[in-house]
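# Remarks on the overall topology
The chain contents come next:
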Amino acid sequence: MSARTLGLGLVGLGLAGGVMASAARTHPGIRLAGAADPDPTLRERFAGAEGLPVHPGIERLLAQPDVDAVYVATPHQLHREHTVAAARAGKHVIVEKPMALTVADCDAMIKAAEAAGVVLVVGHTHGFDPAVALIRDLVGSGGYGPLGMIALWNYTDFLYRPRRPEELDSARGGGILYNQIPHQVDIARTVADRPVRSVRATAAILDPDRPTEGACAALIEFEGGGAANLVYSGYDHFDSDELHGWIAEGGGPKTPAHGAARRRLAALTPEQEQRSRTADFGYGARSPLPPPHQPHFGELVVTCAGADLRCSADGVTAYTDRGVEQLAVPRTRWWPGRGNVLQELVDAVVHGRPAQHDGAFGRETVRTCLAIAESARERREVFLSTQEVSIHVPVR
Ligand SMILES: NC(=O)c1ccc[n+]([C@@H]2O[C@H](COP(=O)([O-])OP(=O)(O)OC[C@H]3O[C@@H](n4cnc5c(N)ncnc54)[C@H](O)[C@@H]3O)[C@@H](O)[C@H]2O)c1
């Protein structure tokens, strides 16, 4: 570790790795140190733009002495392998959501980090959004009375963005239950700040050409009271950013384009779809500038006895007996959301503050998502407090 910055290596230079590279540049406690990706085009882009070492595999990145921590942004099924390898090499780890595809994999990752004495942070999810943290603090203060319920709605084009084959195969971790629902579960768990008691859910596969779950409705009940209603559809018809002033998930401006992702995809061959995943979504394809507004994950309304609290463009809107109050989220020096992930790492490694989104937190989100899949499949309520949930079998 040099002076007061942590050297960060990026494992995976796809969509997630590319956005995190931009976020890392905004954080005063982080210094990009290198990357690994088997894709030569992405390596070339990274080397050209950053002037830093970039390797085809993780081993040589882990051998770099100036890498203190890695950000694992590889496909879900590689999260365990890469996290364990990094921990064994003595590197701190941020691992993307979902933490892993099974609870056993989460356990192995937690054990590896503990054995090596390294920090493990699970993120990014929208549970790191500053507006979500503000709502959590407002609810936790008790100033608005007890928590009643949390409503989360998101309608996107998720299923029609270019996808790797396994992303369309539920048995291999495809679909929204592993990829998108973890955001909603993390937001709900962050706001409620209490353990999940049970879930009841339905999920649907609505397009035989994209044969994995693309829609889900779930009710999460928390221990000690309060519930969250999660609604998600990734079928590129309604876009809930319309309800958010046409501000996109990341906090940037958005032009309405209903159905455009479907139409674009329909014109691509499978080979072109794969090429587009890298060319149009990987490192270097997105704006490197921080967003002008706060990130969000659709509409979030939290009902307490004394107010409804809604995530807005730049903070939180509180609807109270007195009327409407705007509560702004103070701008940080770093990229909102992803910068908060980096701050959690810096806090833990440099300042010794335990990470909130540690392995145990990430494991519980995986367990909740698996319970959602099980509930949808078996059409019954699944209790998390009393049983381990099974592996994911797609809804048919
Ligand atoms: N938090 C978020 O908002 C967010 C957004 C996007 C993706 N993600 C998560 O990030 C992960 C990656 O998703 P993505 O959309 O960036 O996928 P992607 O396909 O765009 O990128 C994955 C990259 O990993 C690389 N890779 C594959 N095997 C590798 C290996 N052995 N070593 C190093 N790199 C390897 C691939 O070549 C590819 O460039 C997923 O788990 C996803 O859930 C999170």
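Residues numbered from 1 in each chain as written. Predicted model: local features only at pLDDT ≥ 70, side-chain atom pairs only at ≥ 80, totals over all residues. Heavy atoms only, no water.

- As named in an unreviewed UniProt entry, the chain is Gfo/Idh/MocA family protein, taken from Streptosporangium amethystogenes subsp. fukuiense.

### A few points about the overall build of the chain
- Of the regular secondary structure elements, the chain holds twelve helices and 15 strands.
- Expected size for 396 residues packed as a compact globule is a radius of gyration near 21 Å; at 20 Å, the chain falls within 12% of this value.
- By residue count, 58% of the 396 residues in the chain fall in the buried class.
- With an accessible surface of roughly 16000 Å², the chain has 55% of that area assigned to carbon and sulfur atoms.
- If you average the places of the 40 positive and of the 46 negative side-chain charges in the chain, the two averages end up 2 Å apart. (Helix = DSSP H or I, 4+ residues; strand = E, 2+ residues; numbered from the N terminus. Rg over C-alpha atoms; globule rule 2.2 N^0.38 Å. Buried < 20%, exposed > 50% of the residue type's maximum accessible area, 1.4 Å probe, protein only. Areas by Shrake-Rupley, 256 points an atom, 1.4 Å probe, with all protein chains shown as cover. Lys, Arg positive; Asp, Glu negative; His and termini not counted. Charge placed at Lys NZ, Arg CZ, Asp CG, Glu CD.)

### Details of the packing of helix α1 (residues 15-26) against helix α11 (residues 338-351)
- Interhelical geometry of α1 versus α11 gives an angle of 65 degrees and a closest axis separation of 9 Å. Taken together, the axis directions place α1 and α11 in an arrangement best described as roughly perpendicular. Both α1 and α11 take part in a crossing whose hand is right-handed. Contacts from Val19, Met20, Ala23 and Ala24 in α1 reach Arg338, Gly339, Val341 and Leu342 in α11.
- Here the residues of the contact of α1 with α11 are counted per class, giving six nonpolar, one polar and one charged. (Axes fitted to C-alpha atoms, helices over the stretch in contact; angles between N-to-C directions. Parallel < 35°, antiparallel > 145°, perpendicular 65-115°, else oblique. Left-handed = near helix turned anticlockwise from the far one by under 90°. Contact = heavy atoms within 4.5 Å. Nonpolar A, V, L, I, M, F, W, Y, C, P; charged D, E, K, R; others polar.)

### Looking at unusual backbone geometry
- Lys97 connects to Pro98 through a cis peptide bond whose omega is -10 degrees.
- Note on placement: Pro98 falls in the loop between β5 (92-95) and α5 (103-116).
- The omega torsion across Gly123 and His124 is 15 degrees, close enough to zero to call that bond cis.
- Locating His124 in the fold gives a position in the loop between β6 (120-122) and α6 (130-141).
- The phi torsion at Asp236 lies on the positive side, around 60 degrees, for a residue other than glycine.

### Description of the sheet that holds β6
- A sheet is described by the order of its strands in space; here six strands give the open sequence β3-β2-β1-β4-β5-β6, paired in parallel fashion. Bordering the open sheet on either side are β3 (54-55) and β6, each of which pairs with just one other strand.
- Pairing of strand β1 (residues 6-11) with strand β2 (residues 30-36) involves six bridges; the strand directions are parallel. By the bridge assignment, Leu10 is partnered in β2 with Ala35.
- The strands that helix α4 (residues 79-88) touches are β1, β4 (69-72), β5 and β6; relative to β5, the one it contacts most, it runs at about 165 degrees. (Pairing = 2+ DSSP bridges.)

### Describing helix α12 (residues 359-378)
- Counted at 1.5 Å a residue, the expected span for α12 with its 20 residues is 28 Å, and the 28 Å between its end C-alpha atoms agrees.
- Capping of α12 at its N-terminal end is provided by Asp358; its side-chain oxygen lies 3.2 Å from the backbone amide nitrogen of Ala360.
- Arg379, located one to two residues past α12, shows a positive phi value of around 55 degrees. (Expected span 1.5 Å × (residues − 1). Polar contact = N/O pair within 3.5 Å; in protein donor to acceptor, adjacent residues only side chain to side chain.)

### A closer look at the site of the ligand
- Residues in contact with the ligand amount to 24 residues; listed here are only the nearest, Ala16, Asp37, Lys97, His124 and Arg164.
- Within the side chain of Glu96, one N or O atom sits 3.0 Å away from a nitrogen atom of the ligand.
- Interatomic distance of 2.9 Å between a side-chain N/O atom of Arg277 and an oxygen atom of the ligand.
- Taking 840 Å² as the accessible area of the ligand by itself, protein coverage stands at 86%. (Near = heavy atom within 4 Å.)

### Digging into the packing of aromatic side chains
- On inspection of all chains with the given rule, the structure shows five aromatic pairs.
- In textbook terms, an aromatic cluster arises when at least three aromatic residues are bridged by ring pairs, as seen for Trp153, Tyr155 and Phe238.
- One Lys or Arg, Arg163, reaches over the ring of Phe158 and ends 3.9 Å from the middle of that ring. (Phe/Tyr/Trp six-rings, centres within 6.5 Å; stacked < 30°, edge-to-face > 60°. Lys NZ or Arg CZ within 6 Å of the ring centre and 35° of its normal.)

### A word on the pairing of β4
- Residues Ala69 and Tyr71 line one face of β4 and the alternating positions Val70 and Val72 line the opposite face, and both faces are buried.
- Summarising the sheet, β1 and β4 pair through four bridges and their orientation is parallel. By the bridge assignment, Val11 is partnered in β4 with Val72.
- On the question of chirality, the crossover connecting β4 to the parallel β5 by way of α4 is right-handed. (Right-handed = clockwise from strand over helix to strand, strands pointing away.)

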